[in-house]
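So the chains spell out like this:
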There are 4 protein chains.
Amino acid sequence: MLSESRIQDLNQPLLEEHQLQFNFLTDLLARRQVDAGQVVQQLIDFQVAIPSWALGTGGTRFGRFPLGGEPRNLEEKINDVGLLHQLNGSSNSISLHIPWDIPQDIAGLQQQLSEQKLVIDSVNSNTFQDQKDQHYSYKFGSLSNTEAGARQQAIQHNIDCIRHGQALNAKTLTVWLADGSNFPGQQHLRRAYLRTQESLAAIYEAMPSDWNMLIEYKPYEPNFYSTVIPDWGTSYSLCQSLGKNANVLVDLGHHLPNTNIEQIVGRLQQFGRLGGFHFNGSMYGDDDLTTGSTKPFQLFLIFNELVDAARDQTVTNPTVAYMIDASHNVKDPLEDLLQSVENILSAYAKALLVDRTALYEAQEKNDVVRAEEIMRDAFLLDVRPLVAEAYRRAGGALRPVAAYRAAGIREQLIQQRGKLSLSTGL
Amino acid sequence: MLSESRIQDLNQPLLEEHQLQFNFLTDLLARRQVDAGQVVQQLIDFQVAIPSWALGTGGTRFGRFPLGGEPRNLEEKINDVGLLHQLNGSSNSISLHIPWDIPQDIAGLQQQLSEQKLVIDSVNSNTFQDQKDQHYSYKFGSLSNTEAGARQQAIQHNIDCIRHGQALNAKTLTVWLADGSNFPGQQHLRRAYLRTQESLAAIYEAMPSDWNMLIEYKPYEPNFYSTVIPDWGTSYSLCQSLGKNANVLVDLGHHLPNTNIEQIVGRLQQFGRLGGFHFNGSMYGDDDLTTGSTKPFQLFLIFNELVDAARDQTVTNPTVAYMIDASHNVKDPLEDLLQSVENILSAYAKALLVDRTALYEAQEKNDVVRAEEIMRDAFLLDVRPLVAEAYRRAGGALRPVAAYRAAGIREQLIQQRGKLSLSTGL
Amino acid sequence: MLSESRIQDLNQPLLEEHQLQFNFLTDLLARRQVDAGQVVQQLIDFQVAIPSWALGTGGTRFGRFPLGGEPRNLEEKINDVGLLHQLNGSSNSISLHIPWDIPQDIAGLQQQLSEQKLVIDSVNSNTFQDQKDQHYSYKFGSLSNTEAGARQQAIQHNIDCIRHGQALNAKTLTVWLADGSNFPGQQHLRRAYLRTQESLAAIYEAMPSDWNMLIEYKPYEPNFYSTVIPDWGTSYSLCQSLGKNANVLVDLGHHLPNTNIEQIVGRLQQFGRLGGFHFNGSMYGDDDLTTGSTKPFQLFLIFNELVDAARDQTVTNPTVAYMIDASHNVKDPLEDLLQSVENILSAYAKALLVDRTALYEAQEKNDVVRAEEIMRDAFLLDVRPLVAEAYRRAGGALRPVAAYRAAGIREQLIQQRGKLSLSTGL
Amino acid sequence: MLSESRIQDLNQPLLEEHQLQFNFLTDLLARRQVDAGQVVQQLIDFQVAIPSWALGTGGTRFGRFPLGGEPRNLEEKINDVGLLHQLNGSSNSISLHIPWDIPQDIAGLQQQLSEQKLVIDSVNSNTFQDQKDQHYSYKFGSLSNTEAGARQQAIQHNIDCIRHGQALNAKTLTVWLADGSNFPGQQHLRRAYLRTQESLAAIYEAMPSDWNMLIEYKPYEPNFYSTVIPDWGTSYSLCQSLGKNANVLVDLGHHLPNTNIEQIVGRLQQFGRLGGFHFNGSMYGDDDLTTGSTKPFQLFLIFNELVDAARDQTVTNPTVAYMIDASHNVKDPLEDLLQSVENILSAYAKALLVDRTALYEAQEKNDVVRAEEIMRDAFLLDVRPLVAEAYRRAGGALRPVAAYRAAGIREQLIQQRGKLSLSTGL
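An unreviewed UniProt entry annotates chain A as TIM barrel protein originating from Hymenobacter tibetensis.

## Some details on the interface of chain C and chain A
Contacts between the two partners involve 54 residues from chain C and, on the opposite side, 54 residues from chain A. Where chain C meets chain A, there are five salt bridges. A salt bridge links D308(A) to R190(C), with the shortest nitrogen-to-oxygen separation between them at 3.0 Å. Residue assignment for the side of chain C that touches chain A shows that the elements contributing at least two residues are α7 (189–206), β9 (226–227), α8 (232–242), α9 (261–270), α10 (296–310), α12 (356–364) and α13 (368–380) of chain C. The residue makeup of the side of chain C that touches chain A, split by class, is 23 nonpolar, 20 polar and eleven charged.

## So, unusual backbone geometry
In the segment running from E221(A) into P222(A), the intervening peptide bond is cis, with an omega of 5°. Relative to the assigned elements, P222(A) resides in the loop between β8 (212–216) and β9 (226–227). In the segment running from I98(B) into P99(B), the intervening peptide bond is cis, with an omega of 20°. For P99(B), the position within the fold is in the loop between β4 (93–97) and α5 (106–115). Phi at Q33(D) is positive, roughly 65°, even though this residue is not glycine. Within the fold, Q33(D) resides in the loop between α1 (4–31) and α2 (36–45). According to the relative accessible area criterion, Q33(D) is exposed, its value standing at 73%. Residues other than glycine seldom take positive phi values, yet D288(D) does so here, at roughly 55°. Tracing the chain through its elements places D288(D) in the loop between β11 (274–279) and α9 (296–310). Of the residues examined, D288(D) reaches a relative accessible area of 6% and is grouped as buried.

## Overview of the packing of helix α4 (residues 74–88) of chain B against helix α11 (residues 333–352) of chain B
The relative placement of two packed helices comes down to the angle between their axes together with the axis-to-axis distance. Residues and elements named next belong to chain B. Packing of α4 against α11 leaves a shortest axis separation of 11 Å and a crossing angle of 45°. Taken as axis vectors, α4 and α11 run oblique relative to one another. When you trace α4 past α11, the crossing you get is right-handed. Residue-level contacts link D80, L83, L84, L87 and N88 of α4 to L334, L337, L338 and V341 of α11. Among the residues forming the contact of α4 with α11, the class breakdown is seven nonpolar, one polar and one charged.

## Notes on the side chain of E76(B)
Residues and elements named next belong to chain B. Within the element layout of this structure, E76 appears in helix α4. According to the relative accessible area criterion, E76 is buried, its value standing at 13%. Side-chain polar atoms of E76 contact the side chain of R72, separated by 2.6 Å. In this structure, E76 is in contact with E70, P71 and R417, ignoring residues within four places of it in sequence.

## Overview of the interface of chain D and chain B
Contacts between the two partners involve 54 residues from chain D and, on the opposite side, 54 residues from chain B. Roughly 4,800 Å² of surface becomes buried between chain D and chain B when both sides are summed, with 52% attributable to carbon and sulfur atoms. Where chain D packs against chain B, one counts six salt bridges. Our count for the chain D to chain B interface comes out at 27 residue pairs in polar contact (both at pLDDT 80 or more). Only α6 (189–206), β9 (226–227), α7 (232–242), α8 (261–270), α9, α11 (356–364) and α12 (368–380) of chain D provide two or more residues apiece to the side of chain D that touches chain B. Of the residues contributing to the side of chain D that touches chain B, the split by class is 23 nonpolar, 20 polar and eleven charged.

Scoring rules and cut-offs
Residues numbered from 1 in each chain as written. Chains lettered and ligands numbered in written order. Predicted model: local features only at pLDDT ≥ 70, side-chain atom pairs only at ≥ 80, totals over all residues. Heavy atoms only, no water. Contact = heavy atoms within 4.5 Å. Salt bridge = Lys/Arg side-chain N within 4 Å of Asp/Glu carboxyl O. Helix = DSSP H or I, 4+ residues; strand = E, 2+ residues; numbered from the N terminus. Nonpolar A, V, L, I, M, F, W, Y, C, P; charged D, E, K, R; others polar. Buried < 20%, exposed > 50% of the residue type's maximum accessible area, 1.4 Å probe, protein only. Axes fitted to C-alpha atoms, helices over the stretch in contact; angles between N-to-C directions. Parallel < 35°, antiparallel > 145°, perpendicular 65-115°, else oblique. Left-handed = near helix turned anticlockwise from the far one by under 90°. Polar contact = N/O pair within 3.5 Å; in protein donor to acceptor, adjacent residues only side chain to side chain. Buried area = accessible area lost by both parts, 1.4 Å probe.

Take a look at the structure:
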């Protein structure tokens, strides 16, 4: 949809200003013994997966306002992610949502992925909705259901997900469980946990040894009294019981008010159990806004924990899977995803710039003001020139959202797919 | 669907135990100089409106699991409310939701209402979803929209609602505005307020002088950065600017964590601006659970404010409209509504039993323990015999949910309306 | 201070009404195949420890308003608890707070305890304040301090606490750690955890094998960015690393807004790691109000988990230590403690009355309404006659607060100890 | 304590780097048609008041760890503020706390203030603690107390505060009321409001016509069930009843979780009722941390509302009083205050840089992404060179905290005032 040269053309008028700012920042960092080029390289290497369900307009229980041109099948979804990756060079993978993204033409899909320089990142099972031909309902739970048949059906669905993922070389199964209860007494809390544990063990058992299972937690919604896996502690206990290939997935919106999420991230890394991230933004609950849009400082602090652990030899955490999981109710989904990736890269860049030697020294001496100033010094720097340079070096656009608009992509998508096209999946 | 004699038959086996308990409680209260009969009469007089949208299975953005037999039109909705009213004698009114409940056969509806001893309580406008033939979209707001045309369309819809309500002798328009923004900067906060105020004034202007406008507030959802009317203070300021027939509606789920809702109720009564209630239950947000199911003590404290103000000559609050506004995701909606009414009546009964003379005396003397014990003494009493007696005297069932089940009503509804019938409205 | 006969005299005028209500409830329960006498016996057997620091008037950082007659030393504290135990027969133990309650005259104390039928329940270390002669400050933490000397001092203090407890036959050390940070960057989150773990291991090592260590968690206050042990998951991970005699202590006020505490209680029992409770009441944070005063339904749901687990053979949780941990800012501390115990016993009684066989059946069938009604049926019963009967059979007062007032105890305490006596400890 | 030339000396080695960065930013802004010099001038003109109680080490109910050298009387407090003002040129005023800061030597104080280029900003009454010689206790409230004598005493105290303020040319009385209740039933909510309203009216009556009364709100602490003035709506209603010289004070820490504070600020300006600010930082409650330390984006959004309203001719809000109200538990109070002012100036600078013309256009067109990007563009700019330049031009230090440390001020203060000096006031 976009040729490389078209992107270069769009960059052209911005280049001079960019170069000016990037050079100035490079010099400024050099005076602090920081190599801007190295930071840019780390940004280039950083990749975030795009979930297939985030390519269409999202909504709430109160309504949905689609904008048109949404991808109608897996091939179109891959195209959209490929487009994002062209623009920012940082979205090289896609998370599937089964049953909507069951791959049919495997060879064709593999060729398409290869052409667009994409990989399949993970497969997400869905046992929180009933599909048309489904025998047992998930109204009262899936892996924790009191009926053995319903549990078995949900287990099988997860195993099917693995199979679909294998066809496209994915290596990760992400499990989010909506199971829980709305009223005190509805569910026997301990038994629901035990049934879930047993179901997860059956899936884990069936999982190839080079696969990973990521277990999400969420305190509420769609259940409003209890959920079976409400907090990191519960996820962690389940992972401990399953084995080393089961790890915790942190979704930024899945926490109670005022939770210190960066500390949870730190704890899980310390325990070697941080498996992945779902990035989004939250002010009140699982708001699923653009990540970094409401609490940019928090996003920086989370990346600070990630960078800090990555540099610590004593931390033996597995590779962390980074995914976006947002809902785009009032923005063009593709613009929202470009913004999300930019916010993530900015936070990462700032975390890379923290002067850790000085920080550790200040921490050891309990020099609170100094330690804080070191952190803020990194946060307050305007790192946009570094991020733009990373885009540019990867062949992308200096300003992805502006390029997307200038290239008239949404208009083309609407023309191709129609004003009323609806993306499948949540 | 239920004959009076059928209800009597269902009561028969429970009567002896009921009489035993009611008599014991009557004597116990008499020893405290409280007339149980008077309390029962106040319970009989108390009526709660049932919203038309609560008669079908609710859901969340993650899914919906209907149970069948849902009412397919206004006539069937009225039938369902009539059934509830037969069972508990406390649900004599129904709140309409436009555009789903636009009355067609006015004369027929009036006759049906009269036969089932029901009235239309209020009309609820809906400008948070787009209807098929709608010219302007509400994606970016309705009464606060930046486009004059969209605002005018929303104003006209509200005026139409009044017209539909007049046809069935309603006197109340309830306005809940989903308008707001998801991101900082999206909406100019002051201008959005001013546009809303202007739109509300146009509706108020068009409203007959014997009508009331109820203005709801809600801090978030479906918008997750700001809403135009987030809190009681904003509702109150709008009502002040509109006139005396505009008053604040308190929905129990529309508050930030840890809000002292009973105090807001007290304040609004003091200012003469408490217009109505939407009862539901909440643990995390606008969970829309059965009212009283999660925080029964809070419901009691709210009724305590209502009863206290009702007995205070200096309080000149208008008549308060009581409505249920819950979503029934995992329960049979009609059972949920019967439970809701029972919880409301229980809370009311307990509030009626507070020894106010002793309480005021303890409050004046700052005898904290004594004041608290007086409140708890009322709360801890088991008032179910009083509520059951109120049902019985009104011709209803001693145990409405049990009677509903014993009479096999859901099975009949499914047979009549089908397993896949879907209730219209949210 | 109170003779047994004085208590009997105070009970006399209330006996007839009590008997009437108790008999009625006994009959009512008998018709449901429940033996009221057995429930009463279980209430008699239930004992809650009183913390030494709760016997004086509490306060906030904004001020403190003492009421006089506060205990000035350990002997007077024991006397106050003995008095409570006389009144309600349910407070047979006392939690010490070191350094304020260091026992001096061991033989004398043991005799006093024996005469008042009391035991020492647990010893609470304090490393969140600096004592006068202390070498290292805890301003920047104790067990997690960056300075080895400060950590060693805090470790030694805990070991000293064990020694003091041994002198009086206590078997439990309770550790609440205020350690944490106020600003991002102040503390290296992983290193702070590791230092804490190491310090706790040193204490655990020094602990006699028949002792238990209880580890509290708390998300914030007195530190407002992070605490080293913010949540049950962190406490749990520490207990796992220490050994089977280290278990988690749940303080009801130490949770983020909207936390489902009863589920945490259930989880910890399932993992065999629930060590103890600190009962208090909370509406906004660690408010330290009378337990059960703000959320009586929650307290019932917590006891429901405790009773349910106690009856489940597959649950192998250690004996749970029940303690009150409240602050009495506007009430007479002794009255507050009597109320607290009563609220606890009421919640326990209701939990004992849940029809578990019917509940499990409803849960298995996902009959949500039925399951909820079974729970509510127990909660709504007025169990005060059972609690009063338990008091009576244990030789206590039918209405402990009223008896305390009628006996003029506070006035006597003020006369003995002075209007300005200040209780030591927090 | 610091000579002007000493500050210049400290600036010397930093000047070249500063100039480089400032010039670059000036050019960058010029390319966007923004005059950096004008922004710097607006920063110079912006002044924040320092509260006398923030000059000593703060604490929590769990303890306090003073660092020494704290000011022992009003003269020393003025000296400390003068020192801050020398360093940053932005703290030209001081808020008094009565009874601790009752001025004695009026002429001497006036001369001292004049020499240090300071003014007295406002007077803060204190009716939440009992002073030694006080007749009535505030244990159960002050302006809302049930006892007329206690109310009269609190009214008189406020009138005294005005008198003390007049002696030093202050024009503002700030009222924060701790009044409220800890338990349901303790306080009659409506009557408590009415008593408070009456008491405030008496103070308002006694206030000179060129004075302003600022009324704070706070949802909880030190009372944990209700407070008499819990939210902006209540403050606002009181101000409406008092008159145009009574306005609402917003303290950033006095809100329930997840409150959109910037919207409240916008509303109050719209109603012409925003009287002042208490700046601090909050993650969980009234944490009283350095303002901007936890939620820098929120602080920017608040200033965005302030700047937006200031440029809107239709907004007729009175002059807003800016004050810091933080507690410095683990930092040197003076360093904390320097940081606070810097964070405030940074947020203000960013708000000044928002391209409002473009923003309004994007808002009108509901171009959500564009509107957000305009806001973020301002927020992400590194404005520290502008703030440093404002310091420099006002004769202050380029880096106030570093200068404060380099000049060894705390060491001097400890030498002068002693290691154990304790600041008076909270």
